Amino acid sequence: GKLDYLPNADAAVYFARTIFPVVRQAIPKAELVAVGWNPPKAVRQLAKEPHVRVLANVPDVRPAVIQAAVSVAPMRFGAGIQVKILESLALGTPAVTTESVAGAFGEEGKKAILVGRDPGEIAAHVIRVLKDHAYREQLRKAGRKLIETGFQWNKVLAPLDGILEGVSGTGLTLASKGGAG
């Protein structure tokens, strides 16, 4: 994601400093890779921590997401549909996030996206996904199904099509007939 966007930068630092140490206690070989554009100093400095890498300004995040066992977006503020979650699910990577993000995905999202309400719950979800291959595969399939059934362009843009059709039926035109302003 855009790491210069404050909610994303905060989530990366929060996960690395508060949640990832718990994950590492359970899974000593776990590695955190923060991937995104324009990471601020606080995010770049995370690379000094053991088992943390920061991949800045990569031309394509997909290879990193595909290689990940789990995608984590512990957003503490900001909300709405996060493209990072859509990308992860579309690429078959299970996602762990907070209620403010998962809520935007509706009831179907609850089957595919793990929600942590506090650092301990987020860590527990990440640990389970990392340890349980069958569970990870179940989440991968559920996430992919969510994308295929609920987030195809034709479905996402259908409301916009209706608005545009309504506007075009009113006789409004977007071109003027010569003359100044």
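Whatever comes next refers back to the structure up there.
This write-up is about the structure you can find in this document. (Residues numbered from 1 in each chain as written. Predicted model: local features only at pLDDT ≥ 70, side-chain atom pairs only at ≥ 80, totals over all residues. Heavy atoms only, no water.)

1. Describing the overall build of the chain
Now for step 1: Within the chain, the secondary structure is distributed over ten helices and five strands.
Now for step 2: Taken over 181 residues, the chain has a buried fraction of 35%.
Now for step 3: Here the analysis covers contacts within the chain between residues at least 6 apart in sequence; of these, 57% occur between residues at least 24 apart.
Now for step 4: Accessible area for the chain stands at about 10,700 Å²; split by element, carbon and sulfur atoms hold 58% of it. (Helix = DSSP H or I, 4+ residues; strand = E, 2+ residues; numbered from the N terminus. Buried < 20%, exposed > 50% of the residue type's maximum accessible area, 1.4 Å probe, protein only. Contact = heavy atoms within 4.5 Å. Areas by Shrake-Rupley, 256 points an atom, 1.4 Å probe, with all protein chains shown as cover.)

2. What to know about the packing of aromatic side chains
Now for step 1: According to the stated counting rule, one finds two aromatic pairs in the structure shown.
Now for step 2: Ring centres 6.0 Å apart and planes at 40° place the aromatic pair F15 and F20 in the tilted group.
Now for step 3: A relative accessible area of 6% places F15 in the buried class.
Now for step 4: Relative to F151, the ring of F105 lies with its centre 5.5 Å away and its plane at 55°, an arrangement referred to as tilted. In this pair, F105 is assigned in the loop between α5 (99-102) and α6 (106-112) and F151 in the loop between α8 (133-150) and α9 (153-156), connecting sequence segments 46 residues apart.
Now for step 5: Its guanidinium or amino end placed over the ring of Y14, R76 lies 4.2 Å from that ring's centre, counting from NZ or CZ. (Phe/Tyr/Trp six-rings, centres within 6.5 Å; stacked < 30°, edge-to-face > 60°. Lys NZ or Arg CZ within 6 Å of the ring centre and 35° of its normal.)

3. As for the nonpolar core
Now for step 1: By size, the foremost hydrophobic cluster in this structure holds 28 residues, and its most contacted members are F15, I19, F20, V23, V43, L46 and V126.
Now for step 2: Elements that contribute at least two residues to this core include exactly α1 (6-26), β1 (32-36), β2 (52-56), α7 (119-131) and α8.
Now for step 3: Looking at which element gives the most residues to this core, the answer is α1, with nine residues.
Now for step 4: What L46 contacts, discounting residues up to four positions off in sequence, is A12, V13, A16, R17, V52 and V54.
Now for step 5: By size, the runner-up hydrophobic cluster in this structure holds 14 residues, among which are I85, V115, L146 and I147. (Core = buried A, V, L, I, M, F, W, Y, C linked by side-chain atoms within 4.5 Å.)

4. Some details on α8
Side chains three or four residues apart in an α-helix point the same way, a direct result of the helix having 3.6 residues per turn.
Now for step 1: The end-to-end C-alpha distance of α8 is 25 Å, a good match for the 26 Å that 18 residues give at a rise of 1.5 Å each.
Now for step 2: One side-chain oxygen at the N-terminal end of α8 lies 3.2 Å from the backbone nitrogen of A134; it belongs to D132. (Expected span 1.5 Å × (residues − 1). Polar contact = N/O pair within 3.5 Å; in protein donor to acceptor, adjacent residues only side chain to side chain.)

5. As for the side chain of S88
Now for step 1: Position of S88 relative to the elements: it lies in helix α4 (residues 83-90).
Now for step 2: Polar contacts involving the side chain of S88 include one to the side chain of S71, which spans 2.8 Å.
Now for step 3: Not counting residues within four places of it along the chain, the set of residues in contact with S88 comprises V65, S71 and T93.

6. Quick notes on the packing of α1 against α7
Now for step 1: At their nearest, the axes of α1 and α7 sit 9 Å apart, and the two run at 50° to each other. The orientation of α1 relative to α7 falls into the category oblique. At the point where α1 passes α7, the crossing takes the right-handed sense. Mapping the contact onto sequence places Y14, F15, T18, I19, V22, V23 and A26 in α1 and P119, I122, A123, V126, I127, L130 and K131 in α7.
Now for step 2: Considered class by class, the residues forming the contact of α1 with α7 number twelve nonpolar, one polar and one charged. (Axes fitted to C-alpha atoms, helices over the stretch in contact; angles between N-to-C directions. Parallel < 35°, antiparallel > 145°, perpendicular 65-115°, else oblique. Left-handed = near helix turned anticlockwise from the far one by under 90°. Nonpolar A, V, L, I, M, F, W, Y, C, P; charged D, E, K, R; others polar.)

7. Quick word on the sheet that holds strand β3 (residues 71-73)
Now for step 1: The sheet built from three strands is open, its strands ordered β3-β4-β5 with parallel pairing. What marks the edges here is a single partner per strand, and that holds for β3 and β5 (113-115). Here the strands of the sheet are splayed against their neighbours by 25° on average, with no regard to which way each runs.
Now for step 2: The pairing of β3 with strand β4 (residues 95-97) spans three bridges and is classified as parallel. Residue pairing across strands places V72 opposite V96, the latter belonging to β4. (Pairing = 2+ DSSP bridges.)

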